[in-house]
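Okay, here's what each chain looks like letter by letter:
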Amino acid sequence: MVCFSLVCPTIFSQLVDQHASNFQIFSSSTATDTEQYAAHELQDYIARITGCKLPIVYEAETGTKLIYVGFQKVPLSVLGAI
């Protein structure tokens, strides 16, 4: 949590602006229980800090800004960056 506390202003100002966001949390429809739990925890954490509850989606639409939780169905172009 210390890491998040130090970077919160920068990260969250890019995710949420005036309690609104263009981002969604992506969790595969075949996600493990742990990945599903992580997606909901992330959603709750961001909502508590910013007042904006990002939706969790299970299908990615082209051009959508996503925060990926887990590795299932993540595009190779995203995985190549890590």
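Conventions and cut-offs
Residues numbered from 1 in each chain as written. Predicted model: local features only at pLDDT ≥ 70, side-chain atom pairs only at ≥ 80, totals over all residues. Heavy atoms only, no water. Pairing = 2+ DSSP bridges. Helix = DSSP H or I, 4+ residues; strand = E, 2+ residues; numbered from the N terminus. pLDDT = per-residue confidence, 0-100. Phe/Tyr/Trp six-rings, centres within 6.5 Å; stacked < 30°, edge-to-face > 60°. Buried < 20%, exposed > 50% of the residue type's maximum accessible area, 1.4 Å probe, protein only. Contact = heavy atoms within 4.5 Å. Right-handed = clockwise from strand over helix to strand, strands pointing away.

J.: In this structure, what is going on with the sheet that holds strand 3 (residues 65-69)? I would like to understand it.
T.: In a beta sheet, neighbouring strands are held together by backbone hydrogen bonds and run either parallel or antiparallel to one another. Strands sit in the order 2-1-3 across an open sheet of three strands; the sheet is parallel. The open sheet has two edge strands with one neighbour each: strand 2 (56-57) and strand 3. When strand 1 (residues 23-27) meets strand 2, the two strands line up parallel, connected through two bridges. Paired with Ile-25 across the bridge in strand 2 is Ile-56.

J.: Mind showing me how you'd approach the confidence of the model for the protein chain here?
T.: Should the pLDDT be low somewhere, the predicted coordinates at that spot are not to be read in detail. With 80% of its residues at a pLDDT of 70 or more, the protein chain has an overall mean of 81. By mean pLDDT, helix 1 (residues 2-15) is the weakest element of the protein chain at 56, and strand 2 is the strongest at 95.

J.: Quick question: what am I supposed to make of the packing of aromatic side chains here?
T.: The way to describe two aromatic rings as a pair is by their centre distance and the angle between their planes. All told, the structure shown has one aromatic pair when counted by the stated rule. An angle of 65 degrees between the planes, with centres 5.4 Å apart, marks the rings of Phe-26 and Tyr-68 as edge-to-face. Of the two residues, Phe-26 is situated in strand 1 and Tyr-68 in strand 3; the sequence distance between them amounts to 42 residues. A relative accessible area of 2% places Phe-26 in the buried class. A residue is classified by how much of its surface remains accessible, and Tyr-68, at 26% relative accessible area, is partly exposed.

J.: Help me understand the environment of Ile-25, please; the structure alone is not making it clear to me.
T.: Summarising the element assignment, Ile-25 is placed in strand 1. The exposure class of Ile-25 is buried, given its relative accessible area of 0%. Expressed as a C-alpha distance, the spacing of Ile-25 and Leu-66, which sit 41 residues apart in the sequence, is 5.6 Å. If sequence neighbours within four positions are ignored, Ile-25 has contacts with Ala-39, Leu-42, Gln-43, Leu-54, Pro-55, Ile-56, Val-57, Ile-67 and Val-69.

J.: Please explain the pairing of strand 1 as it appears in this structure.
T.: Side chains on a regular strand alternate between the two faces of the sheet. Most of strand 1 is tucked away, with four of its five residues classed as buried. Of the strand pairs in this sheet, strand 1 and strand 3 are connected by five bridges, and their pairing is parallel. Opposite Ser-27, over in strand 3, you have Val-69 as the bridge partner. Crossover connection from strand 1 via helix 2 (residues 33-50) to parallel strand 2: handedness right-handed.

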